[in-house]
Amino acid sequence: MIPSAITLKVFGIPMQRRSTRRKLVVATYIVLSSICAAAAWSHTIFPAGMTYAIWSAIAVGIFIFGGQGRYGLVKPFLNKPPQPEPPMIDLVRLQLEPLSVGTADSSAWKNDERELARRDNAHYVAYQPLAIGWVAVLMLSSWALHAPRFLSHDAILSLIFTIALVACVLALTLPAAIILWTEPDIDVC
Amino acid sequence: MSNTFPGLYNRIAVLRAERRLSRQDLADALEVNYQTIGFLERGDYNPSLTLALAISAFFKLPVEAIFSMTPFRPLSEVVYGAEPTASAAETPSRRKQA
């Protein structure tokens, strides 16, 4: 699942060892949790904080964990080579959109049957707790219409906001994180 | 969910060593990731029928010569009739491959 074609370094640190990858996953989630906590704490006075949290999760998914394009540690989940980067030529200045004509080496990006099994398993494992989160959001939403005595309306809305935000961040990052967490050390062939 | 159930043994590591192939060579020939070859050799992953047949075709051997539901007998035993020692019979590596 973790390709040799893509660089196995993040911030210059080699990621062949599973223990290193696990440290990266933990460190990344600490940062994302801090951003989510800040967004949840300040959402009444600074609603754009949620946007920062979501963009952070997207950036982590694209550039660190991978699975969504040419960058990151995990091969693209789509199981096809990413679109080659268009050439940087003067056509850009003319507001034209040059399409790249070269095709990427598809074999380096293709997942084999074991990797596809790992991908599917990682999504299955990731979406079990996420489903619980969405059920919680749905139930709290019904309470938001008729708030019970023991919870204020504002508290319910804050809970909905926080759970939905965390669920979105996890949906964007958790499958790739599970693959990075579980894939054993990459041996040198 | 894991595509692994106990009791499938293979001789991929032996056959690869015999032919002096690296994992990358075999992986390129089978169009899989070289890590998958390691998983197969360690018995951590059981191949699909398609991959098993591809491996069989690559080594030009019948599938049952490469994969077995029972542990393979060591080549020394098969070729020379040597009795396996008690300690060798219980080593975990023997369970995975002959």
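Turning next to the packing of aromatic side chains. One pass over the structure, following the stated rule, counts five aromatic pairs over all chains. Here the aromatic rings of F46 of chain A and Y52 of chain A are separated by 6.0 Å at their centres, their planes lie at 20°, and the arrangement is stacked. Overall, the relative accessible area of 51% leaves Y52 of chain A in the exposed class. Between the aromatic rings of F58 of chain B and F59 of chain B, the centroid separation amounts to 5.1 Å while the plane-to-plane angle is 75°, which identifies the pairing as edge-to-face. For F58 of chain B, a relative accessible area of 29% corresponds to the partly exposed category. Residue F59 of chain B is classed as buried on the basis of its relative accessible area of 2%. Between R114 of chain A and the ring centre of F39 of chain B, over which it is positioned, the NZ or CZ distance is 3.9 Å. When the ring centre of F39 of chain B is taken as reference, the NZ or CZ atom of R42 of chain B above it lies at 5.0 Å.

What follows concerns the confidence of the model for chain A. Low pLDDT means the predicted atomic positions in that stretch should not be read closely. For chain A, per-residue confidence averages 83 on the pLDDT scale, and residues scoring 70 or more make up 82% of the total. Taken element by element, chain A is modelled with least confidence in helix α3 (residues 106-109) of chain A, mean pLDDT 68, and with most confidence in helix α1 (residues 18-41) of chain A, mean pLDDT 93.

Attention now moves to the interface of chain A and chain B. The accessible area lost on association of the parts is a frequent measure of interface size. Chain A puts 16 residues into the contact, and the matching count from chain B is 15 residues. Both faces considered, chain A and chain B share a buried interface measuring about 1400 Å² in area, 52% of it formed by carbon and sulfur atoms. Applying the counting criterion to the chain A and chain B interface returns zero salt bridges. At the junction of chain A with chain B, the criterion picks out six residue pairs in polar contact (both at pLDDT 80 or more). Residues belonging to the side of chain A that touches chain B are distributed by class as follows: six nonpolar, two polar and eight charged.

Glancing now at a nonpolar patch on the surface. All names here are of chain B. Nonpolar side chains collect at one region of the surface, where L75, V78, V79 and Y80 lie side by side and expose about 440 Å² of accessible area between them. Considering the arrangement of structural elements, one finds Y80 in helix α6 (residues 75-80). On the basis of relative accessibility, which here comes to 72%, the residue Y80 falls in the exposed class.

The next point concerns the pattern of salt bridges. Residues and elements named next belong to chain A. Enumeration according to the criterion identifies nine salt bridges over all chains in this entry. Among the salt bridges present, the one from E115 reaches K75, with a minimum N-O distance of 3.2 Å. Of the two residues, E115 is situated in helix α4 (residues 113-145) and K75 in the loop between α2 (49-65) and α3; the sequence distance between them amounts to 40 residues. Just as E115 is buried, K75 falls in that class too. Shared partners join several salt bridges into a network, and the residues in it are R114, R118 and E183.

The next subject is the confidence of the model for chain B. Residues and elements named next belong to chain B. Within chain B, residue pLDDT values average 82, and 77% of them lie at 70 or more. For chain B, per-element mean pLDDT is lowest for helix α8 (residues 92-96), which scores 47, and highest for helix α4 (residues 49-59), which scores 95. A low-confidence stretch, residues 91-95 (pLDDT under 50), is modelled with seven contacts involving residues beyond four sequence positions or located in other chains. Interface scoring of the predicted complex returns ipTM 0.70; its pTM is 0.76.

Before going further, it helps to examine the side chain of E183 of chain A. All names here are of chain A. For E183, the position within the fold is in the segment after α5 (153-182). A distance of 3.2 Å separates a polar atom in the side chain of E183 from a polar atom in the side chain of R114. At 3.4 Å, the side chain of E183 forms a polar contact with the side chain of R118.

Time to look at the packing of α1 of chain A against α2 of chain A. Residues and elements named next belong to chain A. Between α1 and α2, whose axes approach to 8 Å, the crossing angle comes to 165°. Considered as vectors, α1 and α2 are oriented roughly antiparallel to each other. As α1 packs across α2, the resulting crossing turns out to be right-handed. Across the interface between the two elements, L24, V25, T28, Y29, L32, I35, C36 and A39 from α1 touch G49, M50, Y52, A53, S56, A57, V60, I64 and F65 from α2.

The rules behind each value
- All residue numbers refer to positions counted from 1 along the written sequence of the respective chain.
- As they are written, the chains are lettered A onward and the ligands numbered 1 onward, keeping that order.
- For a predicted model such as this one, the threshold for reporting local features is a pLDDT of at least 70, and the threshold for listing and counting side-chain atom pairs is 80 or more; totals across whole chains, interfaces and linings nevertheless cover every residue.
- The side-chain figures draw on all heavy atoms in the structure; neither hydrogens nor water molecules are used.
- When two rings of Phe, Tyr or Trp (its six-membered ring) have centres within 6.5 Å they constitute a pair, described as stacked for plane angles under 30 degrees, edge-to-face for angles over 60, and tilted for the intermediate range.
- Here the term buried applies to any residue with accessible area under 20% of the maximum for its type, exposed to any over 50%, and partly exposed to those in between, with areas from a 1.4 Å probe on protein chains only.
- A ring has a charge above it when a Lys NZ or an Arg CZ is no more than 6 Å from the ring centre and no more than 35 degrees off the ring normal.
- pLDDT is defined as a per-residue confidence score from the predictor, taking values between 0 and 100.
- Only runs of H or I of at least four residues qualify as helices and only runs of E of at least two qualify as strands under DSSP, and these elements are numbered from the N terminus.
- Every residue pair with non-hydrogen atoms within 4.5 Å of one another is taken to be in contact.
- In short, buried area is how much 1.4 Å probe accessible area vanishes from two parts on joining, totalled over both.
- Any Lys or Arg side-chain nitrogen found within 4 Å of a carboxyl oxygen on Asp or Glu counts as a salt bridge.
- Pairing of N or O atoms within 3.5 Å defines a polar contact, subject to two protein rules: one partner must be a possible hydrogen donor and the other a possible acceptor, and residues neighboring in sequence count only if both atoms are side-chain atoms.
- We call Asp, Glu, Lys and Arg charged. Ala, Val, Leu, Ile, Met, Phe, Trp, Tyr, Cys and Pro are nonpolar, and the rest, Gly among them, are polar.
- To count toward a patch, a residue needs a relative accessible area over 30% and no salt bridge; like charges are then connected within 9 Å, while nonpolar side chains (Val, Leu, Ile, Met, Phe, Trp, Tyr) are connected within 5 Å.
- Throughout, the Shrake-Rupley method with a 1.4 Å probe supplies accessible areas, and for residues the shown protein chains are the sole cover considered.
- To get an axis, a line is fitted to the C-alpha atoms, and for a helix only the part in contact is used. The angle between two axes follows their N-to-C directions and goes from 0 to 180 degrees.
- Roughly parallel means an angle under 35 degrees; roughly antiparallel, over 145; roughly perpendicular, 65 to 115; everything else is oblique.
- A clockwise turn of the near helix away from the far one marks a right-handed crossing, whereas an anticlockwise turn of less than a right angle marks a left-handed crossing.

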